[in-house]
Each structure stands twice: as C-alpha cells, then as structure tokens.
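Letter by letter, the chains look like this.
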Amino acid sequence: MKRAALLDRLRATPRWDVLVIGGGATGLGCALDAAARGHRTLLLEAHDFAKGTSSRSTKLIHGGVRYLAQGRIGLVREALAERSLLLANAPHLVHPQRFVVPVYRQWDHLVLGTGLTAYDWLAGRHSLGASRLLSAAETVAALPTVRRDSAAGGLIGGISYMDARFDDARLAISLMLSVLDHGGLALNYLPVHALRHAAGRVVGATARDAETGEVFAIDARVVINAAGVWADEVRRLDEPSAAPQLAPSQGAHVVIDKDFLPGESALLIPKTPDGRVLFVIPWQGKVLLGTTDTPRGETPLEPRPLTDEIDFILSTAARYLTRPPTRADVRSAFAGLRPLIGAGRGSPTSALSREHVIQLSNGGLVSVAGGKWTTYRHMAEQIVDRAEAVAGLPHHPCPTAALPLHGSPRAPLDDVLGTDRPCVEALPGAGLRLHPALALSEAEVRHAVRAELARDVEDVLARRSRALFVDATAAGEAATAVAGILADELGWTEEHQRERTEAFRRLAEGFR
Ligand SMILES: Cc1cc2nc3c(=O)[nH]c(=O)nc-3n(C[C@H](O)[C@H](O)[C@H](O)COP(=O)(O)OP(=O)(O)OC[C@H]3O[C@@H](n4cnc5c(N)ncnc54)[C@H](O)[C@@H]3O)c2cc1C
C-alpha cells in the first residue's frame, strides 16, 4: 500500500459522500461506518492516526465502575454492550481482564460488593463472569505484592470482577485498515486548514500534504468534524465566532516493571485522595498506572505529565503495593487530553460527562465531541445516521455491530497483528529483534511502512509498536535502527534519516 497511490485516488475522486476530519477513535469509527454502509468515504488526519488522545488512554474497554458510582447507568449499560461487540470483532486486540479490589474495612466489602453486583447485573448477557468476594488469602494469591496492612487496617479480603483491556493505538490502526478494506480512503499527515462553503453550506475542505506541501481542494456532501480536543478549532473554520465547548482535562499514566505487580490480575484502587479511582494494569509485559484528571487550558499535540501528577500516581500506588514504585522505576510516562464537554461551566473536570454530543452547525458541519474509546462504534453509528440525513444520502443500516475488524482471527489471539502475522513473517528481517528490551523485529517495521501507512520513526515506535509507551529509554535506543529501515523503505536522504532519529530521541526524552 503506497501513499502515492492513495494520493492518486484522492486526486481522481471528484466528490466524496462523507469527509471525516480526524483520525482518532471517533473519526476512524465514523469512516469505517460510512465506508461499510457503501458511502464514498474519505478520512484526513493531520498527524498520524491516533497521535492525539486515542493512543494515550488507560487501555480499558469497560463500562466504568466510576460512572456506575456516579449513577450514569445508561452510559455504563451501553459501554458494557459495546465491550461485548469489541471482544467479538477484534479478539486480537481486546482481551478479558480480571480486576481485584483489595479491601481493608468490612464496610467497603459490603459497599463495593454491592456496586460490583450491580455492574454484573447491568452487563446482563454481556457479562464476562460474575464478581466475587475474596478472602485475604485469595486476594494475595491474585495480587502477590498487595499490602497486607494499610492506614485503614489489615487486609480483610477483596473483590474480583471482570472487564476488558486493549491496545488503543493498534485498535486505531486496525480501524484505519478496515476503512481501506471496505473501499474508503484514509490518509495521515494531511491537515485540513480550511472548510469550503457554497451558498452558506459546508461543501468540502482544503488540506495540505504535510510531506510535500501539495494543496487538495476536496468536495464532499457532508463533513464530519471528529478532531477530538481540537474540534472547537475546526468548528471555528466554519463559524469563526463559535463559542468554545470543550473543557480539556489531562490524564497522566506511568509504566513500571512487571515485578511491582506480578500475575495476571489488575488492581483497582477504589478511592484515591482526590475521590477518583486508580488502575494498576498488566500491559505489554509491564504495569500501567493511571490516571489523573487535571483541567488544561491549552491543547498541545504532545501534552506532558505534570510532576504533581506523577507524584500523585506513585504515592497512591505505594499505599497498596509492598514495594513502593519511585520516579527511578518509571520506564515511560505519558499524558492525554480528554475532550470533555462543558467549557465555562465551572464544574471540576472529573464531574463532567463522558457522554458525547453531536452538533450540527447552520452550514451543515456535523461536529462530535466527548465520548470514550469503548463506545466509539455506537457513537459512529449515531453520527453517520445524522450525516446521511444532513447530506440527503440514502439511509443504509449500520453494519458494524457484526463487522470483524482488520486482522481479526476466528478465535482469541494474543498478537496485535492478528491474521496479518504470516505476511510479516515473510518479509526480510523476520525474527530479527531491533533491541533486546523490545519485542520489535525488522520485518515488523517494514510491514508498518508497507502495509500500515507508517511514515516516521515515531509512527513505528509509538503506535505500530508501543515501545515508546512501554520503555522510553529502549525506544530511544532503537531509533537509529528503525530510521535506517524507514530510509531503506521510503528512500530517505541521510540528512533526513539523521534529523528524524534526533527528533524521536528528543520525544523519547520527554517520556522518560
Ligand atoms: C487519560 C485518558 C484515559 C482514557 N482512558 C480511557 C479508557 O481506558 N477507556 C475508554 O474507553 N476511553 C478512555 N479515554 C477516552 C478516549 O481515549 C477518548 O474518548 C478517545 O480517544 C477520543 O478520540 P477522538 O477521536 O475523539 O480524539 P483524538 O484521538 O484526539 O483524535 C482527534 C484527531 O483529530 C486530528 N485533527 C485535529 N485537527 C485536525 C485537522 N484540522 N485536520 C485533520 N486532523 C485533525 C488530531 O490530530 C487527532 O489525531 C481516556 C482518555 C484520556 C485522556
């Protein structure tokens, strides 16, 4: 799959039915939905797919026990049904995960046990297994490094419940490939910088190829704004005086070695000092800890965790783990921005709704804001229904509830490449690992370029593989080898190769 051929298709198509701006969970979900319904669909992403929030989540496909505690029953029920669909449609990327909540006070056993029974009940036929009260010995067997003592007293037991975990950036790549499989077109590094209007209606957009500077004037019957925390900026391309709607909130994570929490179970800390929950999850052979909820006025492309956020995560985890993790133990630290709705309302961001809102401008721009990774498919169904009506397109029923995503095997498989694995193993450099601490081969990098639209060192080390998020030092060390393969595949000059290696090293420094 060559970018040049995809650009030729873009030039050759006089008018699209649906143009989607933004290649995160929301935009990719919309593009797949529209393409699978048979509409001529184009998606444009300014940077790389999932460069924004969609690669920086807590990696949970979940109903959300916290939303249950907030009484958001509809959201929880919808998310649990979507969890079930994702487990069926992407079994190589989404996996059931057991969580254990350690309990130090009898009262918590009762309260949490009741809450998680309600969670089971809401899951209904989508349940992944009933929640269960555990004895102290069973809790320690599941979480070998959990503290037996705490400020609240000794460990008296625990509660286990089932949810699901996933690889967010890989799910985005699988969605992008599914868009192409279903006849749509998706391109990265093509930022939209203006909307085209005729008789007061939005009739397309103008985008500039970030690699060559070529400008594309695109006609479309309807334009969907799925630009995440940048959606207000795209809305202003349509209505310059549009009031901001989004109240971005930052969430940070840290990744530490597996021996801090050996075993397969994840730990849920039910109440942090700021009244939230904190997850400690086995992920990619390491342990992921997060997250926080910090209001942010600005929306940088590369948000950095604040010192306070990292200290908060580490000190909260230390109250539950026998060996407290310190800053020296952090292998990678990253942050993402939640596109929450509620600018100017003055509420704390943790209290703002995670539900999405679809908005139609006077000129017919369909904007979506808010939502969760877990519910991207259902959101996309509603957005494309709306877009069909706006554009006067024939209404086709949404097929995605039973649509296996690209790479999906018939049975659960712990390999993010899924059914693409044999193609990868046939490429030069199969099994040739690029760094002793990373499970990344030369052939996987070649595949990322040839078949997954990777254009830069970061695309490979942050999102096709998750090296940057798992071990930033090792990722920085692998940059030279990865850049060498990209240079070979894409015909880079030596100077460009050096420049891209250095750029990635600087990025990796920030994740350390
Ligand atoms: C810390 C944190 C933890 C989370 N954990 C979970 C979780 O465990 N489970 C869960 O279900 N959800 C979780 N979420 C929520 C979930 O990650 C988000 O709802 C989802 O990723 C948002 O996707 P999006 O497509 O709307 O935004 P994004 O992923 O940010 O995508 C928007 C895209 O639009 C592009 N763009 C912007 N402007 C333009 C333009 N002019 N032209 C072209 N492209 C443009 C951007 O480059 C970006 O790639 C979490 C969120 C955060 C922040």
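Before any of the text, the structure's been laid out above.
This report concerns the structure included in the present document. Model, not experiment: these values are computed from the prediction.

Criteria and cut-off values
- All residue numbers here refer to positions counted from 1 along the written sequence of the relevant chain.
- pLDDT decides what is reported in this predicted model: residues at 70 or higher carry local features, side-chain atom pairs at 80 or more are listed and counted, and totals for whole chains, interfaces and linings draw on all residues regardless.
- With hydrogens and water set aside, each side-chain value is computed from the structure's full complement of heavy atoms.
- By definition, any uninterrupted DSSP run of H or I lasting at least four residues is a helix, any uninterrupted run of E lasting at least two residues is a strand, and each is numbered from the N terminus.
- We compute the radius of gyration from the C-alpha atoms alone; for a globule the expected value is 2.2 Å times N to the 0.38, where N is the number of residues.
- For every residue, the accessible area (1.4 Å probe, protein chains only) is compared with the maximum for its type, and the residue is labelled buried under 20%, exposed over 50%, or partly exposed between those bounds.
- Note on contacts: a residue pair is in contact if any heavy atoms of the two residues lie within 4.5 Å.
- Method for areas: the Shrake-Rupley scheme with a 1.4 Å probe, in which residue coverage is limited to the protein chains shown.
- The sign given to each residue is positive for Lys and Arg and negative for Asp and Glu; His and the chain ends receive no count.
- By convention, the point assigned to a charge is CZ for Arg, NZ for Lys, CD for Glu and CG for Asp.
- To define a nonpolar core, start from buried Ala, Val, Leu, Ile, Met, Phe, Trp, Tyr and Cys residues and group those joined through side-chain atoms within 4.5 Å.
- Any residue with a heavy atom lying within 4 Å of a molecule or strand is counted as near it.
- In the analysis that follows, any N or O atom pair within 3.5 Å is treated as a polar contact, provided that within protein one partner can donate a hydrogen and the other can accept it, and provided that, for residues neighboring in sequence, both atoms belong to side chains.
- Three classes are used, and their members are as follows: Ala, Val, Leu, Ile, Met, Phe, Trp, Tyr, Cys and Pro are nonpolar, Asp, Glu, Lys and Arg are charged, and the others, Gly among them, are polar.
- Basic side-chain nitrogens of Lys or Arg form a salt bridge, by our definition, when they fall within 4 Å of a carboxyl oxygen of Asp or Glu.
- Angles run from 0 to 180 degrees between N-to-C directions of axes, and those axes are lines fitted to C-alpha atoms, restricted for helices to the stretch in contact.
- Here the word oblique covers every angle except those under 35 degrees (roughly parallel), over 145 (roughly antiparallel) and from 65 to 115 (roughly perpendicular).
- Throughout, a crossing is termed right-handed when the near helix is turned clockwise from the far one, and left-handed when it is turned anticlockwise from it by less than a right angle.

1. Quick notes on the overall build of the protein chain
Alright, step 1. Summing up its helical and strand segments, the protein chain has 16 helices and 22 strands in all.
Alright, step 2. A globule of 512 residues ought to have a C-alpha radius of gyration of about 24 Å, and the protein chain, at 23 Å, matches this closely.
Alright, step 3. Each of the 512 residues in the protein chain was classed as buried or not, and the buried ones make up 58%.
Alright, step 4. Taking all contacts inside the protein chain whose residues are at least 6 apart in sequence as the whole, residues at least 24 apart take part in 72%.
Alright, step 5. When the accessible surface of the protein chain is split by element, carbon and sulfur atoms take 54% of a total near 19400 Å².
Alright, step 6. Here the protein chain contributes 58 positive and 57 negative side-chain charges, whose respective centroids are spaced 3 Å apart.

2. Remarks on the nonpolar core
Alright, step 1. One finds Leu10, Leu44, Val94, Met176 and Ile218 to be the most contacted residues of the largest nonpolar core, which totals 73 residues.
Alright, step 2. Take this core: its biggest share by element is eight residues, from helix H7 (residues 168-181).
Alright, step 3. When near neighbours in sequence (up to four residues on either side) are disregarded, Leu10 contacts Trp16, Leu42, Leu185, Leu187, Leu190, Phe216 and Ile218.
Alright, step 4. Trp283, Leu438, Leu440 and Leu486 belong to the second-largest nonpolar core, a separate cluster that totals 33 residues.

3. Describing the site of the ligand
Alright, step 1. In the vicinity of the ligand there are 35 residues, among which Thr26, Glu45, Ser54, Leu60 and Thr374 approach most closely.
Alright, step 2. Backbone polar atom of Thr58 to a nitrogen atom of the ligand: 3.0 Å apart, as the coordinates give it.
Alright, step 3. Thr374 is positioned such that a nitrogen or oxygen atom in its side chain is 2.6 Å from an oxygen atom of the ligand.
Alright, step 4. If the ligand stood free it would expose 1000 Å²; the protein chains cover 94% of that surface.
Alright, step 5. Secondary-structure elements contributing two or more residues to the shell around the ligand are helix H2 (25-36), strand E13 (249-257) and strand E18 (332-338).
Alright, step 6. For the shell around the ligand, the element with the most residues is E18, which contributes three residues.
Alright, step 7. Partitioning the shell around the ligand into residue classes produces 12 nonpolar, 18 polar and five charged.

4. Quick notes on the pattern of salt bridges
Alright, step 1. Taken as a whole and assessed by the stated rule, the structure comprises 47 salt bridges.
Alright, step 2. For the salt bridge of Arg463 with Glu458, the shortest nitrogen-to-oxygen distance reads 2.9 Å.
Alright, step 3. You can call Arg463 buried: its relative accessible area is 1%.
Alright, step 4. Where salt bridges share partners, they join Asp48, Lys51, Arg56, Glu302, Glu458, Asp459, Arg463 and Arg464 into one cluster.

5. What about the packing of helix H12 (residues 442-451) against helix H15 (residues 472-490)?
Alright, step 1. For the pair H12 and H15, the least separation of the axes is 10 Å and the interaxial angle reads 45°. The angle between H12 and H15 places the two elements in the oblique class. In terms of crossing hand, the pair formed by H12 and H15 is right-handed. Packed against H12, whose contacting residues are Glu442, Val445, Arg446, Val449 and Arg450, the element H15 presents Val482, Ile485, Leu486, Asp488, Glu489 and Leu490 at the interface.
Alright, step 2. Along the lines of polarity and charge, the residues of the contact of H12 with H15 split into six nonpolar, no polar and five charged.

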